Amino acid sequence: MSVTTERHGDILVALADNPPVNALSAPVRLGLKAAIEEAAGDDSIRAVVIACAGKTFFAGADITEFGKPPVEPLLPQLVDMIEASDKPVVAAIHGTALGGGCEVAIASHYRIAVPGAKLGTPEVKLGLLPGAGGTQRLPRLAGVAVALELVAKGDPISATRAKDAGIVDRLAGADSLLEDAIAYAREVADIRPLPRASEKSLSPDPEAVAAFEKANARRFRGFEAPAANIACVVKASETPFEEGIQFERQQFMKLMFSVQSAAQRHIFFAERKASKIDGIADDIALRPIKRVGIIGAGTMGGGIAMNFLSAGIPVTIVEMQQDALDRGTATIRKNYEATAAKGRMTAEQVGQAMGLLTPTLSMDDLADVDLVIEAVYEEMSVKKDIFGRLDAICKPSAILASNTSYLDVNVIAQATKRPQDVLGLHFFSPANVMKLLEIVRGDATADDVLATAMALSKKIRKVAVIAGVCHGFIGNRMLEPRQVEAMKLLMEGATPEQVDRVHVEFGMPMGPFQMADLAGVDIGWHRDPNRIENIRDALAAEGRWGQKKQAGFYDYDDKRTASNSPRVAEIIADFRKKTNTPQHDVTDQEIVERTLYPMVNEGAKILAEGKAQRASDIDVVWIYGYGWPVYRGGPMFWADIEGAKKIVEGLDRHGFDVSPLLREKADKGGRFTS
């Protein structure tokens, strides 16, 4: 069932029912067209209500139609038809009115919504713009400033705020939307002229545009779609509606066929694909997770705990020393209170989250947890000892997980008598913020354990990817060759500033040396100041541990603003001289070929070894875990755009061991992603 019509006296209700989110598929569009035509052809009908069954109003386009031949009526045709109706059309909104759903609503003459509804145009997040008049009608209803927020940022607003902005005309009772909408339709049935958004006047607001661009310059850096959305809103304020619509259509088509939009749509689908676990049935029985245990209350353990507390899952957190436990608990509270101070939580919610936390010094208190996550430092002997103890303490159905970022999960599992219950859950720092979770599948990990972890990842609002056991799994394994080559480039004539600039211009949030300073130059250092074998050792020996010491590869002021360091230049020059390393003029292109191409190469090896299920999973890891620019679609999508042949030529030029899979793609013109 898609759209049915019901007569309530002189009001025609067009009710859409297209689960799960009432996507505006071709049958739905046809049904709405038929409803408007039915009302037009019947003198006894005075007004139309467009409503939706289920949990939501239209939540957008039907993504399964992407890339297929268009079926009429197209959405722009449909919304124009709704607005052109001689009889009032009332949109009755609950749940979300997103994308095309929002455009249907604003093409209607009146909008009534339940207070909990949200309206928005998130197309910019797919590298697009709302191409059915959204960029032209929204500013005419709400003004330039609100329209810019909606179309260029893509974040939805509440029905209450939409009413204040002039997008929603009336709020309905939470449980009486349809009745209220019918009553509203009857109330406005004879009012003429009909209020059409396209006919509303709008004045330019250059101050609002300039302020918006300035406030979002960092967020929009490198992206094409926000600028196109802004240009359309400006056009709406400067030209008649028809001229604005033509401009919107031109911009939409330009974006639709751009590499950036293809990349962003690739990631949209890749994220959904990543949750599918090869070889495991969708209906497998999951293990109930009612309480979680975490070993380690440091930065990582505390951040991991917050994910579960925020999802309403009780947590028992274990530390060895009381002061470490107190410090960890205090940090969790401080983080929550900082969130509350920004208005994202209430004081009551902070209290509820902290009320679910049980701090303890005894691992015996983990006897009743359903999942335990070990989050101590990267030392195999320590992890094996902990898992041996957990094996004796935890109940038979408990899942035992390690937050290791490099170590062999199979070796850890062998410390127990239940390797089938062991897996890796690699959270990324800060764990309460970063969306990525690598779920590491050990050789013996049971299917229901994996499926439970994947289901749980959604509950704690993570984007999870299945990884096989290998050094560094997917993300860190691909990071390593980049970091190694970056250090070699320093020895051969590049500067930290040049290497980092190339990466930032590519779209990364920071370069390899900026990242080292943020994470800590001393991470993994052997701690012997007399043993200086490389540039990093030399920096660490001098106490240049990064931002925390106001000195690393860069110098930092009190606000952590970086500046180039003469001392670092001396250290690098000294090492070049000591090792007699030949120098040459390092070009930006060489930096790309020696730092980014090896990542693709490593990704191809990971795929060939079956350590990632699919190329798009690798892209998801790098988008959500390492800040790879989403408009480049992840390293494997980017490899397809760059071309495997070009990448192999670059790798060969610099003497890399090229993955046979990558070379095969180069020889046959193949792609990693579809």
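Small disclaimer: the values here were computed from a predicted structure and weren't measured.

Novice: How should I be thinking about the pattern of salt bridges in this particular structure?
Specialist: One side chain can pair with another of opposite charge once the charged atoms of both are near each other. Throughout the structure, instances matching the rule amount to 43 salt bridges. With a shortest N-O distance of 3.1 Å, Glu83 and Arg137 are connected by a salt bridge. Pair noted here: Glu83 is in helix H2 (residues 75–84) and Arg137 is in helix H4 (residues 134–142), with a separation of 54 residues, a long-range link. Per residue, the accessibility class of Glu83 equals that of Arg137, and both read buried. A salt bridge links Glu542 to Arg567, with the shortest nitrogen-to-oxygen separation between them at 2.4 Å. Of this pair, Glu542 sits in the loop between helix H22 (535–541) and strand S18 (554–556) while Arg567 is found in helix H23 (residues 566–579), placing the two residues 25 residues apart along the sequence. For Glu542, a relative accessible area of 40% translates into the label partly exposed.

Novice: How do you make sense of the sheet that holds strand S10 (residues 292–295) when you look at a structure like this?
Specialist: Within the open sheet, the eight strands sit side by side as S12-S11-S10-S13-S14-S15-S16-S17. Their pairing is mixed. A single partner strand is all that each edge strand has here, and the edge strands are strand S12 (357–360) and strand S17 (463–468). Looking at each pair of strands side by side, their axes are set apart by 25° on average, direction ignored. By the bridge criterion, four bridges tie strand S13 (residues 371–374) to strand S14 (residues 399–402) in an arrangement that is parallel. Within S14, the residue paired with Glu374 across the bridge is Ser402. Sitting on the sheet, helix H14 (residues 322–341) is in contact with strand S11 (315–318) and S12, with an inclination near 160° to S12. Helix-sheet contacts for helix H18 (residues 447–459) involve S13, S14, strand S15 (422–427), strand S16 (436–441) and S17, and the interaxial angle to S16 is about 175°.

Novice: Looking at this structure, I do not really get the pairing of strand S2 (residues 11–16). What am I missing?
Specialist: One face of the sheet, then the other: side chains in a regular strand alternate in exactly this way. The element S2 is largely enclosed, with a buried count of six among its six residues. The two faces of S2 match: Ile11, Val13 and Leu15 on one face and Leu12, Ala14 and Ala16 on the other face are all buried. When strand S1 (residues 3–8) meets S2, the two strands line up antiparallel, connected through six bridges. What sits directly across from Glu6, in S2, is Val13. The hairpin formed by S1 and S2 contains two residues between the paired strands, and Gly9 there has a positive phi angle of roughly 65°.

Analysis parameters
Residues numbered from 1 in each chain as written. Predicted model: local features only at pLDDT ≥ 70, side-chain atom pairs only at ≥ 80, totals over all residues. Heavy atoms only, no water. Salt bridge = Lys/Arg side-chain N within 4 Å of Asp/Glu carboxyl O. Helix = DSSP H or I, 4+ residues; strand = E, 2+ residues; numbered from the N terminus. Buried < 20%, exposed > 50% of the residue type's maximum accessible area, 1.4 Å probe, protein only. Pairing = 2+ DSSP bridges. Axes fitted to C-alpha atoms, helices over the stretch in contact; angles between N-to-C directions. Contact = heavy atoms within 4.5 Å.

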